[in-house]
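# Report on the structure
This is what each chain is made of:
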Amino acid sequence: MSTHHHHHEDFLFKYIFSTDHKMISKQFLITGFTMGFIGLVMSTLFRLQLGWPGESFEMVELLMGSWQENGIMAPDKYLALVTMHGTIMVFFLLTAGLSGTFSNLLIPLQIGARDMASGFLNMLSYWFFFLSSVLMLISLFVEGGAASAGWTIYPPLSALPQAIPGSGAGMTLWLFSMAIFIVSSLLGSLNYIVTIFNMRTKGMSMTRLPLTIWAFLFTAIIGVLSFPVLLSAALLLVMDRMFGTSFYLSDIYIGGQVLDHAGGSPILFEHLFWFLGHPEVYIVLLPALGITSEIISTMARKPIFGYRAMIGSMMAIGFLSFIVWGHHMFVTGMNPFLGAVFTFTTLLIAIPSAVKVFNYITTLWKGNIVYSPATLFSVGLVSTFITGGVTGLVLGNSALDINVHDTYFVVGHFHIVMGLSAIFGMFAGVYHWFPKLFGRMMNNKLGNLHFWTTIASAYGVFFPMHFLGLAGVPRRYYTNSEFPLFDNMVDINEFVSTFAVIALVAQLIFMFNFIYSAFRGPRAPQNPWKGTTLEWTTPVEHIHGNWYGEIPAVYRWPYDYSKVDENGEFLYGDDYIMQTTPMGENENDGGH
């Protein structure tokens, strides 16, 4: 039955134009990490400028070449770096890198499928992502420089090619890159949804799915519903830039000259952008939360607490994410009643988020915890999710948000709640499923060093930003040295920038561990973490089709850890029971 799945493939179709979900997963991971590292270097460069404005750095001169003069960054290049850093991190690392990697790797393996519903569309999804990445990087080197309107690309800076140097060809390439990125995302999301609903193995009911799969499913549904809105916003922006329309423009003056635009509104763009922008937060977060659920249960050797509540909370987060976008726009002159509505829905979304945190902590409570690097990063995610969530209550309230809007308070909040949480989830997933990706084990000591250095430097960077924001320090400014009001904030900016450099060094530890272990790490056993889910029944070596012979059937839910009989002894002699183990006569499946 399965012999055709293991045919010989030449190099081109095994490693480049592969339709095997496991290889495509590695392609997404490596491309995403490459883009992420570029984004991290960009942030380090502009943090040097913010920490020590006007000082010359050889590192800046080495990496930026003609983008600087005597090692000092120019203001327009600073804006370009901030814009590209945000774009790369949010879309290319945290959206495609995280979801593309783990949805591709785990969906077929954990539901018991040979591959995705369409291997060809899956391959196209990656190559559209790769093309989008290349276009985004090319935009750094065109005349006028990269896009400089911020990663949110608000008009009129993004709509008028003559507005600033970064509004020219770099902005056009940004828009085309994002259009191709959205095509990639939609192809992948539709594939994930169809695969989960139609290709589960015998016995794999929806209530026997691991929480990772539920998270990937909700993420894909949110993406299919929200990304087309960003595509429409970008297309209207292209028309304003190239064809003289006025969707977002009205009463524009440049250099004292009145431009021939009337009737449009930049607020329309904000509505369209944030209708994607806030679901995007959960497109980034939900896969990380699903990965954390799986790892915490496995490494605490306990059933996940509140399985159905976790599914319900993800469903509630997915629904509510579409009706909270207005909290990004409290200072646009919004009707106060509408502001109150968005305040209510924003505070409401804290409830399902709190349910997830409570269930993580309860699962860890009195567990027989195995402290692998994946466990540490998962617990780190719980920490950052709580920390960032608390400041989210401030920003979700319109009366409070107005006071700190567009300050470093906002930067600190969303980096902790979204950036760090998602990246910690991604690191946790890489450490945990590295044996499935490469058939080898990563070095735990280097992994532990990576975690402690990363979490210390991450909090060192983003926590002090809240104090800068409360003091009124605006974000995206090239320097604050012109404002005597902020002279007493200089030390905090130096502190933040110092930890930013440490954070960059910490990721070099991970890169070494990752690359060395992929080629020279010890060979992985079939089930190194003693997990219960189906991916640990597949052979260590990759085969196209995942299982030799029949796909195993499923008889129980995925979290049967530390299950005991009436004598207090572990059932079947160990503290975990695989999903492929049939139910015993006196066992209770808990309604799964």
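Structural data are supplied above this passage.
To keep things clear, this report deals only with the structure shown in the data block. Computed from a prediction, not measured in an experiment: that's the story for all the values here.

### Some remarks on the packing of helix α12 (residues 373–395) against helix α14 (residues 408–438)
Here α12 crosses α14 at 160°, and the two axes come no closer than 8 Å. With respect to α14, the element α12 is oriented roughly antiparallel. Taken as a pair, α12 and α14 cross one another with a handedness that is left-handed. Partitioned by chemical class, the residues of the contact of α12 with α14 number 16 nonpolar, 12 polar and no charged.

### Points about the pattern of salt bridges
This model, assessed by the stated rule, comprises eight salt bridges. Across the salt bridge formed by Lys563 and Asp560, the nearest N and O atoms sit 3.8 Å from each other. A relative accessible area of 6% places Asp560 in the buried class. Between Lys563 and Glu587 there is a salt bridge, with the nearest N and O atoms lying 3.1 Å from each other. One end of the pair, Lys563, is in the segment after α16 (490–520); the other, Glu587, is in the segment after α16, with 24 residues separating them in the sequence. An identical accessibility class is assigned to Lys563 and Glu587; each is buried. Several salt bridges converge on common partners, so that one network encompasses Arg556, Asp560, Lys563 and Glu587.

### Some thoughts on the environment of Gly145
On the secondary structure map, Gly145 appears in the loop between α5 (119–138) and α6 (169–198). Measuring from C-alpha to C-alpha, the distance between Gly145 and Met89 comes to 19 Å, with 56 residues separating the pair along the chain. Excluding residues that lie within four positions of it along the chain, Gly145 makes contacts with Ser139, Gly166 and Gly170.

### Some thoughts on the packing of helix α4 (residues 75–111) against α14
Interaxial distance between α4 and α14 falls to 10 Å at its minimum, and their mutual angle equals 35°. Remark: the crossing between α4 and α14 carries left-handed chirality. Mapping the contact onto sequence places Tyr78, His85, Val90, Leu93, Leu94, Gly97, Leu98, Phe102, Leu105, Leu106, Leu109 and Gln110 in α4 and Tyr408, His415, Met418, Gly419, Ala422, Ile423, Met426, Gly429, Val430, Trp433, Lys436 and Leu437 in α14. The residue inventory of the contact of α4 with α14, partitioned by class, reads 17 nonpolar, six polar and one charged.

### Focus on a nonpolar patch on the surface
Taken together, the side chains of Phe176, Met239, Met242, Phe243, Phe247 and Leu268 define a hydrophobic patch exposed on the protein surface, amounting to about 560 Å² of accessible area. Secondary-structure assignment places Leu268 in helix α8 (residues 266–300). Judged by relative accessible area, which is 35%, Leu268 ranks as partly exposed.

Basis of the calculations
Residues numbered from 1 in each chain as written. Predicted model: local features only at pLDDT ≥ 70, side-chain atom pairs only at ≥ 80, totals over all residues. Heavy atoms only, no water. Axes fitted to C-alpha atoms, helices over the stretch in contact; angles between N-to-C directions. Helix = DSSP H or I, 4+ residues; strand = E, 2+ residues; numbered from the N terminus. Parallel < 35°, antiparallel > 145°, perpendicular 65-115°, else oblique. Left-handed = near helix turned anticlockwise from the far one by under 90°. Nonpolar A, V, L, I, M, F, W, Y, C, P; charged D, E, K, R; others polar. Salt bridge = Lys/Arg side-chain N within 4 Å of Asp/Glu carboxyl O. Buried < 20%, exposed > 50% of the residue type's maximum accessible area, 1.4 Å probe, protein only. Contact = heavy atoms within 4.5 Å. Patch = residues over 30% accessible without salt bridge, like charges linked within 9 Å, V, L, I, M, F, W, Y side chains within 5 Å. Areas by Shrake-Rupley, 256 points an atom, 1.4 Å probe, with all protein chains shown as cover.

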